[in-house]
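Observations on the model geometry
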Amino acid sequence: MEENSDDTAAGGEREYKAGCLTSQTHNNAELEESAAKAKCDPMNNLHEAQHPVMSALTLVLIGDSNSIEIGPKNILIDHDEPTKVDQFSSKLYDLCGRHISVINMLGFPNVDKIPLNQEVDAFLLLLPNNVHSGHYKGTMQWLESIFGTAFLSYVITVETRKQGEKCGSALTVLKANSSFSEKRYHTCTRDMMNENEITALLETIDVMVLENKQRYTRLMCDESKDQREDLDNKPDDEERVETGTEEMKTESPAEPKENQSDDHPGGESEDKPVPSETKEKDIMEESSDDTAAGGEGEHEADSLTSRTNNNDTLNLEMSGNKDKQSVNISEETDRKKQRQKETETLLSRLHLQDRYPQKLSPADFLQIGLPVKHSHDVSEKDLANTFLQRLMMLDYRARYIPVKQDNPELGSLQSVPMSNSDDTEDSDDLDALFNNDVDFDQPKQSQVHPMDVQMAVFHCSNSFLKLNLITKLSQCQYALPLLVPDPLTRDIECPLWTFRQIIKTWKINEIKANSTTVTMKHMPICKAETSMVSFFRLGSLSVSKSQLMNSLINERHNTFFHRNCPGSTKSCHLIDGMAEIAWYFPAATTDDSFTDCIAFCNLRGDALLLEKQREILTERSSVNVVLVPTLEKSQKSTGVISALYKFQKPLIILVADSDRGAIKMKEGKYKMGLKDRSQSDVSDELKGLIGNMLSGPHTTFKLESVTEVTGIRVDEDDEVCKKGKSAAMDMVGLLQGMDVLKIKGTFLPCQGQLWHKWCRTNKELYHLKGDIEEEKSKKQQELTQIRRDQCKASSSKLMKSFTDSLLSLPSKDKEYYLKWTQILIDSLSTDDLSLILQRYDEKWSEVLDLKKKRDKSDLLKSKQNELEQISNELQSVTFGLEHMFREMGQIYEAHKSQKTRTTSRQNNWSKYPELAADLMISGHPMELMDGDAGHVPLTWISGLLDEVIKKLKDPQDPQKDLRVFVLSVLGVQSSGKSTMLNAMFGLQFAVSAGRCTKGAFMQLVKVSEEIKKDFKFDYILVVDTEGLRAQELAGKATYHHDNELATFVVGLGNMTLINIFGENPAEMQDVLQIIVQAFMRMKKVKLSPSCVFVHQNVTDIAAAERNMDGKRRLQEKLDQMTQLAAKEEVCDVECFSDVIAFDVQKDVKYFAQLWEGSPPMAPPNPGYSKSVQELKTIILSKASQSEGITLKHFKTKIHDLWNALMNEHFVFSFKNTLEIAVYRQLEIQYGNWTWALRSNLLTIENQLHTTIENGKLDKIELNYLSREMSTKYEEIKKEMTIYFKDSRDKEMLVQWQGRFENKIKEFLEDEVKEVKRKLDEVIQQKKACKKLDDEKTEFENKLLQKSKELAHQLRDKATDEKELKKEFDSFWSHWVTELTADTKPIEDIDLEEDKVKILEQLSFECCFINESKSRGDYKRIPIIGNYFQKPSNENKETSKKSWMKRTWQYVQQKTGMTSTTQKAKNVLEHEEQERIRSFINDVEHQSLNAIKTKPVATRGYRSAYLLEVAKNVQNSMTEFESERTYKLTKKFTVDLLLYVFDRAASWLIESHKTYKMNNDAHTYLDSKKDYYYIIFRSFCKGNSSAVVFGELICEKLKVSTVEAVCNKTAIDLAEEMRCNVPAFSGNRMNLEKHVLKSLAEKKDFDGFITYIRQPRTQAETFIKEEVQKYIFTKQKGRALTILKKNVDDIKIRVSKALFTATSEVQEKGGNINMWVKEFSSFLKTDLTLGTICCQNFGDIKEFDFLKEEIENGLTSIMEEMSCISLEKMKEFRLQPDQILIDQLCKCCWVKCPFCAAVCTNTLEDHDPDDHSVPFHRSTAVKGWHKRNTKIMSIEFCTTKVASVRRFYHRESETSIPYKEYRTAGPRYKNWRITPDESKLPYWKWFVCQFQEQLEDHYDLKFEGRGEIPSEWRNYSREDAIESLDEMFKQPEE
């Protein structure tokens, strides 16, 4: 069985099998039930159509009676009598189980025998196989004359043959006929007995039935005849646009098109008369019972009817006993089904079946999706989506989208049909040429009508998408649906809601006081009360009503779609009965068609049949215009025309068949002919008539009045819409009757004067003058008070109502509520806004005229003042939804700053960010910068973005940060920035007149799932800004504001669109300079946004040569502006591409003009839409290469940029918070990496140290150490690579990757070198002790021998311990004297004596030396407050603080001034005090380094070392004094030398002690006395050599084990504390915080002074204290556990050594020497055993016994070790505190030149990064004072650099502004001090807490201008400590 290729039903090809066909019968009740079901659920058939059931059929047999052999076995028909009644075929029922009736009309019956009221599914034209062309053609012409042209679509040609004959010979002949369709052709035998053939025939019939969609009726025949008559009556010169044959070929029979619009191409519906006896409700719209999905091939079970006598209710003749009402119900049901089927088909073709009804929402289109398809690439399934996308981009060509056919068989719509006569002879070819019936390969399915696309989208859209859709249609100057019939029920709806967003502006001329003035009107179109002209047609016309209307409104734009528009087709389903409305808006020019705004309404379809719509429009119109084909009383339209003629409304009748001009019938009644007249003549005359009629009194129309019409549905009556409106009305009702200028001041007080005052005061914090700390304190108190006032004012009724509604309403109601609120609020100020804008425009023109005349008189100033006043009024009257949200933000900020609790009275302020976040996510733009105040509400924005981040967090991956690509836009005011963004992304930024963007707004646009894989971010965040050069601002304020805005917006964006209006960059010179300067600033603060320049309003964007010239000029101008900006920003750049990556060829886009003509009637330029799409493609292409930015980063970036902008010097003030946070984390990682290396290297060092001490190693190579560390180093490198590659901040980390990799490498190299140095020292010491070591062996052998001998002598006294000890002591002294007879002992050193001798040698008097030594104050010389010589106060009491109060005479003036001179009475300048302190520290550091180079530990101490140091100090002093105006006294020199000697003393003593221990025989032997006494006593007891040797080994193990355990425990404890002690587990800044906390907790002033002067010393002290506390107090148990573990490890290790040595000796038969060698070798890296003498133990043979003895002793040792004190660790080489000091203190310790705050960078050398600190201090901490006074300077650095103050720079002897501190030299240049208005309580508390001590220490006073502000004294110690946590905490990433 062949498949029917022509079957294009929904769901693809259908396969029919006879065995599967089933019968379905339904009674009337079932039919009605199915109709009701379809009405309730219009789309239910889509599901049921998936399971089709074949319906009953009625077939008519026509043609040659000889073509069939009728007999009892003929399946199709078994009788030969023609009948006009269908007869049930039992054989067909037996074959397929279906009810099939057959009407026999073979043999060309008489006309009177043809059934008149019968529904037919198919006509079977039977022809014998020898048929010829003429036979077929004649038959068809005769049948067409009987049945009408509609009959042709129901014919199946059946060629019959005798048994054994070949069939198909007639096919070639038949193809020559135009009416023949090959797919409706079948062959079979004449006896009709073959079941397969009949089954195949039924399949062909079913396919045709599905395509036809309804059954054939006689009504179709009557219509066809009427159509032919009308066509015959048409004038010859009129286009005959439809012929019966072609219509039936190209359009399947459907519901009669009595309602079709004149806009159908060709106007076929206008030319189709309707029987006069029918009305709309009675039209016979019977259709086939097929209501499957899409109407394309699947039958619905509910639509089936039985053809039995009992159930055949559709046959009027057979059912004459049924009442008429039953018939009408059935007809109505069928009509509904037909409409449903057509709607489903249309929606299916557009792929909208799942979106009906009202399921599309704005969210479906407010996202970045696939690019809009080009016209040649759009298929039907993409048509709706492409239409919407283009419409949102303001492309009015969205209505004219040609379609690429999805099915190749349908052919291209752009191709020309092809004749099938290619293979005929020339003569036949000519016949075909002149034959209208020649067959063509025509497409069987026409394109979807453009208005069907529009209305299908409309019906599938929810209320908010409809709102946007209609708004965009209005912007495209298209007519809008006013009365819309439901596609299924035909109920009429007025979509009033969809008009609410449309606001129009127009101008009219008004005569006032005998002069004409132009008045501007600006209002919502719903509120506009205008004239309305309604157009109707009565009957069918050859002219287009819509086209005529377009000529009245805009001759160059198709406002109303009509038949001649591109893309128009014959079939249109959704606009019949729809009324559309459009407005004409005058511009008050001579070109206006009408003098005032007029609404034009167009009723689609035949108004005769649309009674309801006709009545509504005629009732509300000012003028009615009726188009009729002819004006005769006999016409069907006579009654309607008569009624309109008698109606009081003006009437114009346009007559199609009349050629006469306008004739006035009576007042207000005209008729006018259309025939043979040009459209322009008709249009002009019609304009005149309408204008004349409207010039007098007439009724007006307002859209809102439609709600008063009965019998139609208004969309605003939906319950959810009413709820939203009701809530909005309640709120806006509070404003009724108020002066609009006072609304914001009354109901929104927080954002008015209070907020503006707060902003001004906050900005003043960055420009302080006078006593800046006092002033700053006052300003902060003012800010606090303003916030209090805002809190009090924050409970206005308006805001309470608004926020309560937002909090309580469901989400859907909330949407309506917000939109209604916006609509109602906007309408409040419409009239006032129009008047103010008009006044502003007039006044601005006057000012410009005066400026052009260079008028500098008082008149100009007066006009400018008036302009400013109008500007203020404009600001006051501008009131929108954004102001409500701004008020919410201010309420939130006020309460947040006061930390008030949320109460109902305070409107749940804490929930406001969440409410705003919901709206922002749903597509509402949110204000980022308040345009009125020119300020960013940072607290509110942070709260809002935090909520957005929280709500958009991926539940599947909570750790993933939401990323956005920030697109910002900059340009001149009113240059179309917002319009461009709205068109590009479908956004809703304000663009209407008088509502230009002020400040900055942000809106999220989601990246759709279908393209998300191409991008690395989730959303595009669009930032729209107010225009530069705003008219409201003037002069310097404008420039500063523009600079601020440009810098802010450019800094925020990953990409910035620079919008230039016009073609001449010269006009943009000042704006370009601002923009270039903004990008230059970004370069200097290491931000790198990109940019694209957009030239809008370019006249000829296609002219490549002009564009190239424009780009060249732009490049030149940018380079010129770059050079100018570089001077101001002090930046070394030459051209714009040096500042930012910019390619003038790729990064400049030219835009066509927005309007195609002159507003207000001009539509958008299609070229503009194309430019928008191209720009969008460029943006997305660049964005796809960007990582974007996390929303958290965006939030911190807002803070950073704005805080920096508050200062005059943005670059110096900018602080990238996120970058700082990322860097801090990197520092912590760096600490972890370096610690891993250090820890590993410590272990290696420890092992090698032990090996060297054991004499097993005498040389260390760097390569060896590097190899040992290579594995760990490779691990660290791998970790670093992963960290930099996989971190979420990798794009920011990359700038430091190379530097930190190098730093790690350098760290390892330095540490390896240091370890080698230490080990080399050990080796050197070992070598230096070689002589003693050699002697040690001899000593030990002799001592062992002597001990053994003495023991034999005293064996009898072994039980008397005292006697043994006495004898041993006696002999020991003798043995030592004997052994060291030739060795001189090494003496201890006397440093105190050497110090005095050296000072005397340097010519210092003894009195100075003794006085300094006795006083001891030299030890505090680095922290003395004042070094200047002043008269001493002999009466001052001494106390424990006397060292601070004592007079110091360290400095003498070189000028010879005495202490009584005025200069001498003043303290030395602060900078000099600091230089002296710095000099002392430098001398100390240099001296210690020099002394540590001396070989004291290996060669011993020499007094020459101290002498050398003293001479170096003197040389340094001489050099220091040579650059000063004063000199240092001898007293100072003595104190300094004593201080240096004192600092060196401890190192010298320890080093000499080491030397003596390692080199003095007497010392060595004294240390061995106890050891040998034990051996002696053991021998005395008679123990064997094994026992004695075991004791000797155990004694060595005891000493070395303690050392090994303590060293290992020191390393482990350092590791433990590095991880667990908060102060040690972070970076350098973390350590700083804990040091300061500790000082505050102890209130230790001395410690503070040490910290201020020598921060590293204090940090080391803190580390030591913390280590002590951890080990001996807080975590003592843990420390003991670690120690015990190390003891156990050593025990295991020694046990293994014993086992290994014993086994090895026994296996190889070795002796004690071999055993010792194996044992020592095994433990060479673990224990320092030294030399083990075996000379006296050669008799040991029982090594198991030796092992057992040592193990017993080892157990005793370990028990003793387990009780060892942690204090023991202090005696050994490695100390945990020193390990941590080495780790934590190897960082930057450079101090701020102003306040001595210490740089907190973890890297010691962090060039090129500046020195920085999280917060600075009051300069009083360091002793700064007012010049030439004793008054303390209490200001903070961060305050000073934001002020206008200056400081005296001694080197240059100049006064330098604090803002330019970096110019003061190297000490200042590398410091980054960012202005900071934060409170910094810590150092304020310190100054207050230690005021007296500071005054005494520095001999200065906190008085006068240096008086401590009272506010400082409010801070407690707890506040101070808490502020440390706040300031040092990690910023959010």
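Keep in mind that what you see is a predicted model, and the values were worked out from it rather than measured.

Conventions we followed
- Just so you know, the residues in each chain are numbered from 1, in the order the chain's sequence is written.
- Per-residue local features are limited, in this predicted model, to residues with pLDDT of at least 70; the limit for side-chain atom pairs, both in listing and counting, is 80 or more; totals at the level of whole chains, interfaces and linings are taken over all residues.
- Derived side-chain values reflect all non-hydrogen atoms in the structure, with water molecules and hydrogen atoms excluded from consideration.
- We count a stretch as a helix when DSSP gives it H or I for four or more residues in a row; a strand needs E for two or more, and each element gets its number in order from the N terminus.
- The Shrake-Rupley method, run with a 1.4 Å probe, gives the accessible areas here. Residue values count only the displayed protein chains as cover.
- Here the term buried applies to any residue with accessible area under 20% of the maximum for its type, exposed to any over 50%, and partly exposed to those in between, with areas from a 1.4 Å probe on protein chains only.
- For two strands to count as paired, DSSP must find a minimum of two bridges between them.
- Here, nonpolar core means buried Ala, Val, Leu, Ile, Met, Phe, Trp, Tyr and Cys residues that are tied together by side-chain atoms lying within 4.5 Å of each other.
- Any two residues whose heavy atoms approach within 4.5 Å at even a single point are treated as in contact.
- Note on geometry: axes are C-alpha line fits, over the in-contact stretch for helices, and angles between N-to-C directions span 0 to 180 degrees.
- Geometry of aromatic contacts follows a simple scheme: Phe, Tyr and Trp rings, the Trp one being its six-membered ring, pair when their centres are within 6.5 Å, and the pair is stacked under 30 degrees between planes, edge-to-face over 60, tilted otherwise.
- Salt bridge, as applied in this entry: a Lys or Arg side-chain nitrogen positioned within 4 Å of an Asp or Glu carboxyl oxygen.
- Each angle gets one of four labels, with under 35 degrees taken as roughly parallel, over 145 as roughly antiparallel, 65 to 115 as roughly perpendicular, and the rest as oblique.
- The hand of a helix crossing depends on one turn: near helix anticlockwise from the far one by less than a right angle means left-handed, and clockwise means right-handed.
- Each residue is assigned to one of three groups, with Ala, Val, Leu, Ile, Met, Phe, Trp, Tyr, Cys and Pro labelled nonpolar, Asp, Glu, Lys and Arg labelled charged, and all others, Gly among them, labelled polar.
- To estimate the expected span of a helix, subtract one from its residue number and multiply by 1.5 Å.
- Note: pLDDT gives the predictor's confidence per residue, expressed from 0 to 100.
- This arc is taken over the directions from the axis of the helix to the C-beta atoms.
- Any two cysteine sulfur atoms within 2.5 Å of one another count as a disulfide.

**A word on the overall build of the protein chain**
Along the protein chain, the regular secondary structure elements total 63 helices and 31 strands. When the accessible surface of the protein chain is split by element, carbon and sulfur atoms take 47% of a total near 82300 Å².

**Topic: the pairing of strand β1 (residues 57–63)**
The side chains of a regular strand alternate, first on one face of the sheet and then on the other. In terms of burial, β1 is largely enclosed, as seven of its seven residues are buried. Pairing analysis gives five bridges linking β1 to strand β3 (residues 100–104), with the strands arranged parallel. Bridged to Val-60 within β3 is Ile-103. Where β1 meets strand β4 (residues 122–128), five bridges bridge the pair, whose relative direction is parallel. Counted as the bridge partner of Val-60 is Phe-123 from β4.

**Observations concerning the nonpolar core**
Within the largest apolar cluster, 121 residues are counted, with the highest numbers of intra-cluster contacts made by Phe-802, Met-884, Met-1002, Phe-1048, Phe-1093, Phe-1194 and Ile-1198. In terms of residue count, the dominant contributor to this core is helix α31 (residues 1069–1084) (nine residues). Ignoring anything within four residues of it in the chain, the contact list for Met-1002 reads Met-920, His-924, Pro-925, Met-926, Leu-928, Ile-941, Leu-944, Leu-945, Leu-1021, Val-1022, Val-1023 and Phe-1194. Core analysis: the next-biggest nonpolar cluster, separate from the first, contains 120 residues, Phe-1368, Ala-1614, Ile-1663 and Leu-1727 among them.

**Considerations on unusual backbone geometry**
A cis geometry characterises the amide bond from Tyr-356 onward to Pro-357, with omega recorded as -10 degrees. Of note, Pro-357 is situated in the loop between α9 (324–349) and β7 (367–368). The residue after Asp-1807, namely Pro-1808, is reached through a cis peptide bond having omega 10 degrees. Looking at where Pro-1808 falls in the secondary structure, it is placed in the loop between α58 (1776–1784) and α59 (1837–1840). Of note, the phi angle at Met-192 is positive, near 55 degrees, even though the residue is not glycine. Along the polypeptide, Met-192 turns up in the loop between β6 (185–189) and α6 (195–212). Of note, the phi angle at Ala-1796 is positive, near 70 degrees, even though the residue is not glycine. Structurally, Ala-1796 can be placed in the loop between α58 and α59. According to the relative accessible area criterion, Ala-1796 is buried, its value standing at 2%.

**Some details on the pairing of β6**
β6 sits mainly inside the fold: four of its five residues count as buried. For strand β5 (residues 155–161) and β6, the ladder comprises five bridges, and the chain directions are parallel. Within β6, the position partnered with Thr-160 by the bridge is Cys-188.

**A closer look at the sheet that holds β1**
Across the sheet, which stays open at both edges, the six strands sit in the order β2-β3-β1-β4-β5-β6 with mixed pairing between neighbours. With one partner strand each, in any of the chains shown, β2 (87–88) and β6 form the two edges of the open sheet. Across the sheet, α6 lies against β1, β3, β4, β5 and β6, angled at about 165 degrees from β5, the strand it touches most.

**Thoughts on the packing of aromatic side chains**
Applying the stated criterion across every chain yields a total of 51 aromatic pairs. On the basis of an interplanar angle of 50 degrees and a centroid distance of 5.2 Å, the ring pair of Phe-1886 and Phe-1890 is categorised as tilted. Linked through ring pairs, Phe-1645, Phe-1648, Tyr-1651, Tyr-1882, Trp-1883, Trp-1885, Phe-1886 and Phe-1890 together constitute an aromatic cluster.

**A closer look at the pattern of salt bridges**
Summed over the entire model, instances satisfying the criterion amount to 76 salt bridges. With a shortest N-O distance of 2.4 Å, Glu-380 and Arg-349 are connected by a salt bridge. On the criterion of sequence distance, the pair formed by Glu-380 in helix α10 (residues 380–392) and Arg-349 in helix α9 is long-range, its members being 31 residues apart. A relative accessible area of 8% places Glu-380 in the buried class. Among the residues examined, Arg-349 registers a relative accessible area of 15% and is labelled buried. The shortest N-O distance in the salt bridge between Asp-364 and Arg-355 comes to 3.4 Å.

**Considerations on the packing of helix α51 (residues 1585–1620) against helix α56 (residues 1712–1722)**
Relative to each other, α51 and α56 sit at 20 degrees, their axes nearing to 14 Å. Put simply, α51 runs roughly parallel to α56. Handedness of the α51/α56 crossing: right-handed. In this structure, α51 contributes Phe-1589, Ile-1593 and Leu-1597 to the contact, and α56 contributes Ile-1712, Trp-1715, Val-1716 and Phe-1719. Split by residue class, the contact of α51 with α56 holds seven nonpolar, no polar and no charged.

**Things to note about helix α35 (residues 1191–1205)**
Note that an α-helix has 3.6 residues per turn; residues three or four places apart therefore point the same way. Counted at 1.5 Å a residue, the expected span for α35 with its 15 residues is 21 Å, and the 21 Å between its end C-alpha atoms agrees. For α35, a buried count of 12 out of 15 residues is recorded, marking the element as mostly surrounded by other parts of the structure.

**Remarks on the packing of helix α21 (residues 772–793) against helix α26 (residues 881–898)**
The angle between the axes and the distance between the axes are what describe a pair of packed helices. Relative orientation of the contacting elements α21 and α26 amounts to 120 degrees, with a least axis distance of 8 Å. Here α21 lies oblique to α26, going by the angle between them. Like other packed secondary-structure pairs, α21 and α26 cross with a definite hand, here left-handed. Every residue of α26 that contacts α21 at Thr-784, Arg-787, Arg-788, Gln-790 and Cys-791 is listed here: Gln-890, Glu-893, Ala-894, His-895, Ser-897 and Gln-898. In terms of residue class, the contact of α21 with α26 is made up of two nonpolar, six polar and three charged.

**Focus on the sheet that holds strand β12 (residues 531–537)**
Taking strand neighbours across the sheet as the criterion, the 10 strands line up as β17-β18-β16-β15-β12-β14-β13-β8-β9-β19 in an open arrangement whose pairing is mixed. Both edges of this open sheet fall to β17 (663–666) and β19 (713–714), since each of them pairs with a single strand only. Looking at chain direction, β17 and strand β18 (residues 669–673) are connected through three bridges and run antiparallel. Opposite Lys-664, over in β18, you have Tyr-670 as the bridge partner.

**A few points about the environment of Glu-1291**
Among the secondary structure elements, Glu-1291 is positioned in helix α39 (residues 1290–1328). Those residues in contact with Glu-1291 that lie beyond four places of it in its chain are Arg-963 and Glu-1187.

**Regarding the confidence of the model for the protein chain**
For the protein chain, per-residue confidence averages 79 on the pLDDT scale, and 81% of positions sit at 70 or higher. Segment residues 1–53 is flagged for pLDDT under 50; beyond a separation of four residues in sequence, or across chains, it makes 109 contacts in the model. Across residues 408–415, confidence stays below pLDDT 50; counting only partners more than four residues off in sequence or on other chains, it has nine contacts.

**Points about the side chain of Thr-157**
Of note, Thr-157 is situated in strand β5. Excluding its chain neighbours within four sequence positions, the residues that come into contact with Thr-157 are Leu-125, Leu-127, Tyr-136, Leu-174, Phe-180, Arg-184, Tyr-185 and His-186.

**Some words on helix α43 (residues 1406–1415)**
The complete set of buried residues in α43 reads Ile-1409, Ser-1412 and Arg-1415. When α43 is viewed along its axis, its buried side chains cluster within an angular range of 150 degrees and face the same direction. Exposed residues pointing more than 90 degrees away from the buried face of α43 are listed as Cys-1407 and Ser-1414. Packing partners of the buried residues in α43 comprise α42 (1391–1401) and α49 (1530–1559). Once α43 ends, the next one or two residues include Gly-1416, with phi positive near 75 degrees.

**Here's the deal with the state of the cysteines**
Tallied over the entire structure, the rule returns zero disulfides. In this model Cys-1787 remains outside any disulfide bridge; the closest cysteine sulfur is found in Cys-1785, 6.0 Å from its own.

**Structural notes on the environment of Thr-386**
One can find Thr-386 in helix α10. Classification of Thr-386 as buried rests on a relative accessible area of 1%. Sequence spacing of Thr-386 and Arg-399 is 13 residues, and the spatial spacing of their C-alpha atoms is 9.9 Å. Residues contacting Thr-386, with those up to four places away along its chain left out, are Val-372, Lys-373, Val-378 and Ile-401.

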